[in-house]
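# An overview of the molecular structure
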Amino acid sequence: MERLHQCLHQIEKCDERSVASVLVDAVARALGSDAVERLLTVLNNQAEAVAKRKH
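Conventions and cut-offs
- Residues numbered from 1 in each chain as written.
- Predicted model: local features only at pLDDT ≥ 70, side-chain atom pairs only at ≥ 80, totals over all residues.
- Heavy atoms only, no water.
- Helix = DSSP H or I, 4+ residues; strand = E, 2+ residues; numbered from the N terminus.
- Rg over C-alpha atoms; globule rule 2.2 N^0.38 Å.
- Buried < 20%, exposed > 50% of the residue type's maximum accessible area, 1.4 Å probe, protein only.
- Areas by Shrake-Rupley, 256 points an atom, 1.4 Å probe, with all protein chains shown as cover.
- Lys, Arg positive; Asp, Glu negative; His and termini not counted.
- Charge placed at Lys NZ, Arg CZ, Asp CG, Glu CD.
- Axes fitted to C-alpha atoms, helices over the stretch in contact; angles between N-to-C directions.
- Parallel < 35°, antiparallel > 145°, perpendicular 65-115°, else oblique.
- Contact = heavy atoms within 4.5 Å.
- Nonpolar A, V, L, I, M, F, W, Y, C, P; charged D, E, K, R; others polar.
- Salt bridge = Lys/Arg side-chain N within 4 Å of Asp/Glu carboxyl O.

### Observations concerning the overall build of the protein chain
- Along the backbone of the protein chain there are 3 helices and 0 strands.
- Listing every helix and strand of the protein chain by position from the N terminus yields α-α-α.
- Relative to the 2.2 N^0.38 estimate, which gives 10 Å for 55 residues, the radius of gyration of the protein chain is 14 Å and therefore markedly larger than a compact globule would have.
- Overall, the C-alpha framework of the protein chain stretches about 40 × 25 × 20 Å when taken along its three principal axes.
- With 55 residues in all, the protein chain has 7% of them scored as buried.
- Taken as a whole, the protein chain presents about 4900 Å² of accessible surface, with 57% of it coming from carbon and sulfur.
- For the protein chain, the distance from the average site of its 8 positive side-chain charges to the average site of its 8 negative ones is 6 Å.

Below you can see the structure in the form of structure tokens.
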């Protein structure tokens, strides 16, 4: 996890795009567009769960 944190911090400092955008592109390149769709599904589910806890 530390390596990932360091990479994301470096991206944040040096890339014009958001870290999230770079990360999604990396997932797509490494694992394919299906992985991005699965990631979006999981993130959506987590966002809904967080929203429900706040209400």
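So, next bit.
### Here's the deal with the packing of helix α2 (residues 19-31) against helix α3 (residues 33-54)
- Relative orientation of the contacting elements α2 and α3 amounts to 135 degrees, with a least axis distance of 6 Å. As the angle between them shows, α2 and α3 are arranged oblique. The residues of α3 that touch α2, namely those facing Val24, Val27, Ala28 and Leu31, are Ser33, Ala35, Val36 and Leu39.
- Classifying every residue of the contact of α2 with α3 gives 7 nonpolar, 1 polar and no charged.

### A closer look at the pattern of salt bridges
- Tallied over the full model, the rule gives 2 salt bridges.
- With a shortest N-O distance of 2.3 Å, Arg17 and Asp25 are connected by a salt bridge.
- Within this structure, Asp15, Arg17 and Asp25 form a network of salt bridges that share partners.

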